[in-house]
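Geometric and topological summary
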Amino acid sequence: MTIPPLSVTGEAARFEKLRNLDILDTAPEPAFDGLVSIARTVCNTPTALISLVDKDGQWFKARSGFEPCETNLDSSVCAHALRHGSTLIIPDLSLDLRTAANPLVTDNPGIRFYAGALLKTSDGHAIGTLCVIDTEPRPKGLNAAQVKVLEGLADQAVALIEMRIGSLYREASNALERESAERSQAATEAGRVGIFDIDLATNEITPSAEMCRIFGVEPAPAYDAGVFEKLLIPDDQGKQSNRDDRTAGVSQLMTEYRIKRAHDGALRWIARRGGFITGADGSPLRFTGTVSDITERKLAELRQQVLIDLGEMIREAESVSEIVGEAARMLGENLSVSRVGYAAIDIPADLFDVQSDWCAPGIESLVGHHSLAAFHGTAKFLRTGQPLVVSNIAAAHWLRGDSEGYAVIGTNAKIKIPLMRRAQLIGCFFVHHETARTWTPAEVAFVEAVAERVYAGVARIRAEEEQALLNQELSHRLKNTLAMVAAIAKQTLRGVTEKEAVEAFHARLLALASAHDVLLQNSWSSARIRTVIESGLALHAKSERISAIGPDVKLGPKAALSLSMLLHELATNAIKYGALSVPEGKIEIAWSVERETSEAMLRLIWREIGGPPAISPERKGFGSRLISSGLVGTGKAELSYDSTGLVGTFLAPLSLLTQH
Amino acid sequence: MATAQVPARQIVLVVEDEPILMMDAVDLIEQAGFEAVEATNADEAIKILLSRPDIHILFTDIDMPGSMDGVKLAQIARDRWPPIEIIIVSGHRTVHEDDMPDRGLFFAKPYSPRAVKAALQSFVA
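What you are looking at is a predicted structure, and each value in this text was computed from that prediction instead of being measured.

Some thoughts on the overall build of chain A
Helix and strand counts for chain A come out as 19 helices and 25 strands. Within chain A, the fraction of its 660 residues that count as buried is 32%. Considering only residue pairs separated by 6 or more positions, chain A has 59% of its internal contacts joining residues 24 or more positions apart.

A look at helix H1 (residues 19-31) of chain B
Between its terminal C-alpha atoms H1 of chain B stretches 18 Å, which fits the 18 Å expected from 13 residues at 1.5 Å a residue. Considering only its buried residues, H1 of chain B is in contact with helix H14 (441-492) of chain A together with strand S1 (11-15), strand S2 (35-39), strand S3 (55-61) and helix H4 (113-124) of chain B. Downstream of H1 of chain B by a residue or two, Gly33 of chain B has a phi angle that is positive, lying close to 95°.

What to know about the sheet that holds strand S2 (residues 57-64) of chain A
Residues and elements named next belong to chain A. The six strands lie next to each other as S3-S2-S1-S6-S5-S4, forming an open sheet whose pairing is antiparallel. The open sheet has two edge strands, strand S3 (70-72) and strand S4 (88-90), and neither has a second partner. Put simply, the sheet's adjacent strands are angled 25° from each other on average, direction ignored. Two elements, strand S1 (residues 47-53) and S2, share six bridges in a ladder whose sense is antiparallel.

Overview of the nonpolar core
One broad trend across soluble globular proteins is that nonpolar side chains are buried collectively. All names here are of chain A. Counting 46 residues, the largest nonpolar core has Leu130, Leu150 and Ala157 as its most contacted members. Residue contacts for Ala157: discarding those within four places in its chain leaves Phe32, Leu35, Ile50, Leu119 and Leu130. Membership of the second largest hydrophobic core comes to 42 residues, among which are Leu331, Val340, Ile345 and Leu419.

Focus on unusual backbone geometry
Note that the residue after Asn108 of chain A, namely Pro109 of chain A, is joined by a cis bond; omega there is 0°. The linkage connecting Lys109 of chain B with the following residue, Pro110 of chain B, adopts the cis geometry, with an omega of -5°. Topologically, Pro110 of chain B is positioned in the loop between strand S5 (104-108) and H4. Positive phi, close to 60°, is recorded for Asn203 of chain A, a residue that is not glycine. Here Asn203 of chain A is to be found in the loop between strand S7 (193-199) and strand S8 (204-207). In this model, Ala423 of chain A sits at a positive phi of 65°, which is unusual for a non-glycine residue. With respect to the element layout, Ala423 of chain A can be found in the loop between strand S17 (413-421) and strand S18 (424-433). Look at Ala423 of chain A and you get exposed, because 10 C-beta atoms sit within 10 Å.

A closer look at the interface of chain B and chain A
With 13 residues of chain B at the contact, the number on the chain A side is 19 residues. The element best represented in the side of chain B that touches chain A is H1 of chain B, accounting for four residues. Residue composition of the side of chain B that touches chain A, by class: six nonpolar, three polar and four charged.

Regarding the confidence of the model for chain B
On average, residues of chain B score 88 in pLDDT, and 94% of them reach the 70 mark or higher. Interface confidence for the predicted complex, given as ipTM, is 0.72, next to a pTM of 0.49.

Some words on the sheet that holds S7 of chain A
Residue and element names in this part refer to chain A. With antiparallel pairing, six strands are arranged side by side in an open sheet as S9-S8-S7-S12-S11-S10. With one partner strand each, in any of the chains shown, strand S9 (223-224) and strand S10 (254-260) form the two edges of the open sheet. The pairing of S10 with strand S11 (residues 267-278) spans seven bridges and is classified as antiparallel. Bridge assignment links Arg258 to a residue of S11, and that residue is Trp269.

Structural notes on the packing of helix H10 (residues 295-316) of chain A against H14 of chain A
All names here are of chain A. At a closest axis distance of 10 Å, the pairing of H10 and H14 adopts a crossing angle of 5°. Judged by the angle between their axes, H10 and H14 are roughly parallel. Where H10 approaches H14, its residues Glu296, Leu299, Ala300, Arg303, Leu307, Leu310, Gly311 and Ile314 are matched on the opposing element by Ala442, Phe446, Ala449, Val450, Arg453 and Gly457. A breakdown of the residues in the contact of H10 with H14 according to their chemical character gives nine nonpolar, two polar and three charged.

With respect to the pairing of strand S5 (residues 113-120) of chain A
All names here are of chain A. Counting buried positions along S5 yields seven of eight residues, so the element is predominantly enclosed. Direction of pairing for S4 relative to S5: antiparallel, over a ladder of three bridges. By the bridge assignment, Ile89 is partnered in S5 with Ala115. Inspection of the sheet shows S5 paired to strand S6 (residues 126-134) by eight bridges, in the antiparallel sense.

Overview of the environment of Leu512 of chain A
Residue and element names in this part refer to chain A. Relative to the assigned elements, Leu512 resides in helix H15 (residues 499-520). For the pair Leu512 and His568, spaced 56 residues apart in sequence, the C-alpha to C-alpha distance is 9.1 Å. Setting aside anything within four residues of it in sequence, one finds Leu512 in contact with Leu482 and Met565.

Side note on the packing of H15 of chain A against helix H16 (residues 529-538) of chain A
All names here are of chain A. Where H15 contacts H16, the two axes come as close as 9 Å, and the packing angle between them is 145°. Seen along the crossing, H15 lies across H16 with a hand that is right-handed. When H15 is examined against H16, the residues Ala511, Ser514, Ala515, Asp517 and Val518 are found in contact with a partner set consisting of Thr531, Val532, Ser535 and Gly536. Its residues assigned to classes, the contact of H15 with H16 comprises four nonpolar, four polar and one charged.

Overview of helix H2 (residues 30-43) of chain A
Residue and element names in this part refer to chain A. For H2, spanning 14 residues, the distance from its first C-alpha to its last is 20 Å, which sits close to the expected 20 Å at 1.5 Å a residue. Every buried residue of H2 is listed here: Phe32, Leu35, Val36, Ala39 and Cys43. For H2, the arc enclosing every buried residue in end-on projection is 90°, short of the 170-degree limit, so these residues lie on one face. Once H2 ends, the next one or two residues include Asn44, with phi positive near 55°.

What to know about the confidence of the model for chain A
Residue and element names in this part refer to chain A. Per-chain confidence: chain A averages 86 in pLDDT, with 94% of residues scoring 70 or above. Note that pLDDT drops below 50 for residues 1-9; the model gives that stretch 12 contacts with residues more than four away or on any other chain. Scored below 50 in pLDDT, residues 169-174 shows 15 contacts in the model against residues more than four places distant or in partner chains.

About the cut-offs
Residues numbered from 1 in each chain as written. Chains lettered and ligands numbered in written order. Predicted model: local features only at pLDDT ≥ 70, side-chain atom pairs only at ≥ 80, totals over all residues. Helix = DSSP H or I, 4+ residues; strand = E, 2+ residues; numbered from the N terminus. Buried ≥ 20, exposed ≤ 12 C-beta atoms within 10 Å, placed from the backbone. Contact = placed C-beta atoms within 7 Å. Expected span 1.5 Å × (residues − 1). Pairing = 2+ DSSP bridges. Axes fitted to C-alpha atoms, helices over the stretch in contact; angles between N-to-C directions. Core = buried A, V, L, I, M, F, W, Y, C linked by C-beta atoms within 7 Å. Nonpolar A, V, L, I, M, F, W, Y, C, P; charged D, E, K, R; others polar. pLDDT = per-residue confidence, 0-100. Parallel < 35°, antiparallel > 145°, perpendicular 65-115°, else oblique. Left-handed = near helix turned anticlockwise from the far one by under 90°. Arc of directions from axis to C-beta.

Right, dumping it as structure tokens:
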């Protein structure tokens, strides 16, 4: 019997998912065996299987009462369950069209009854089934409770499979336990409050056990207050109270400072609140209060600040290396690690290229190309798209193959955030530390947040670069084409006696090309009105003969071209008959935005002065027609042929001028 | 030999791979009172420069097939034949300042024939 394809779409994604789960061909594991044996008992069948359906066959992660550990797809009943899309129960396989010819039904072992619940991953891919099988038909199938148990067990199996891959990234289980113990300690450190009481006469402090723990000193009934005071780091000395200000009763009641914790030298932030107890005469006798460790909150604040600074930097940045370099420095300094950077990964070439990195003093930079061969475990993991977090390479058995490679680059603990494009690994943002180091969940989240912003920033710059390149190329072609048109026209019209017409045509082409130049500066999206005017008229007159006054409105591409052509015609006429035909003539261009009726309008006035009196043209040529059609063809053009020179007034809705 | 001493017309080497633009450029150069010699790429231009010491002006496009573009050609010309005047034309918006040879002039395509004519004539003035 031939098996039709399992589904039209998503099949490739399903195989990819199955392979990424790294479960096929792995050794039996008691947790999975336990599930099938429960299924077998509850459903009262001789056989139960956890079956994973791959491209070429089905493979059993756990089996109870069934010999082979894989079969081809022709023998797979589970494949039908996947097609079925939910729990499939077939009371008698020999009577069902789909399975009557199945070799496992017709031949040994002659199976008859099948019930399979789907193994559905958290992202919705059905990768196989947990099924029970009997050699006797069962007209009644399974009862509702049995179906529920079977489906529940299938969910458990998927959870186990997904946890397996998850635990790869959280390292071996012993390291995991140690870390979680350390983390829970960090959590209690944050919450607890220590109490102290200082006798001002003796300068003796009575600390609670919790306070001793916060400062890392041996619990004792009493200490000299100086024992705690000297734990402050030099930069923060003076933020605590001292014997003099306490005796005088003028100590700060609330303060925050950093200490070097006595037993391990760790840098911790402490918040202290205190108050004086005074005697009958009002003089201070004791200073008493509370201390708490606020390191986590302080670090969170600092990281928040880094993310804000980073966002600003990325907005302003103009190159990829600037973004990566700055982000690496900010992250490296905040986390006090050895090295931070970005590596482009080329899987087919088996290479990675560290394009930029930040290194702590004394740490070697990795900038340059390297073979990926020593880091195949890392690459394999990163291809799942999950962040890789390793606290201690010695405990990360699954990464054993890469340990030598990491030794060479002086790296033990690490966090790597993969960059995927179309489901392919193309790079990773990495944080390296030379010694083992337990990453807190907050640190991992912080690195992820930084990487995410860097990736977004890099993508923006790449897109802009590509766009700019494309625009340059397009502009180049366009201008070459205009040059060709001009040359063809000139060659074609060689014999024409009206040289003036040929020249006018040529000049109009130049005006068009110049307008394109201005637009190109903003990727053809817009141009400032002043730039359009200045570059358009630069072809015709020295700048001191032109004045241009008005708000620097942004024009859309259509309006920029229209204004350029309009100005070209006006300037050409001015050179022939108007203000630019005499040396002392000038042109004033003034524009403003006005509200006429409900719409904002741009009013532009072209005024020629110092030239001969203006005379209305007898003939309406192309130039005159273009001028009287106004800005963006609105037709709102008023031409006044004054004795002082031409005055042209053009009106167009602002919305039309800014339109793309 | 008693030939009259007519002042020899200055010679411009035009480098342009597009025939129509070449035709147009040659027209312009001749109208300006110069003699034009044609090359369709930079390698050919170098050969002409090597064999003809009478070239006064190099007039070149930038994008051309062959081993080098017009900018490179202009730089070589400037190094090996320092007296030559150079005009570069291109559809590119500008040429980077560092890439322009000394005393080189740049015109964006399409160029104004009047401006180019004026530039050519300024070299002989």
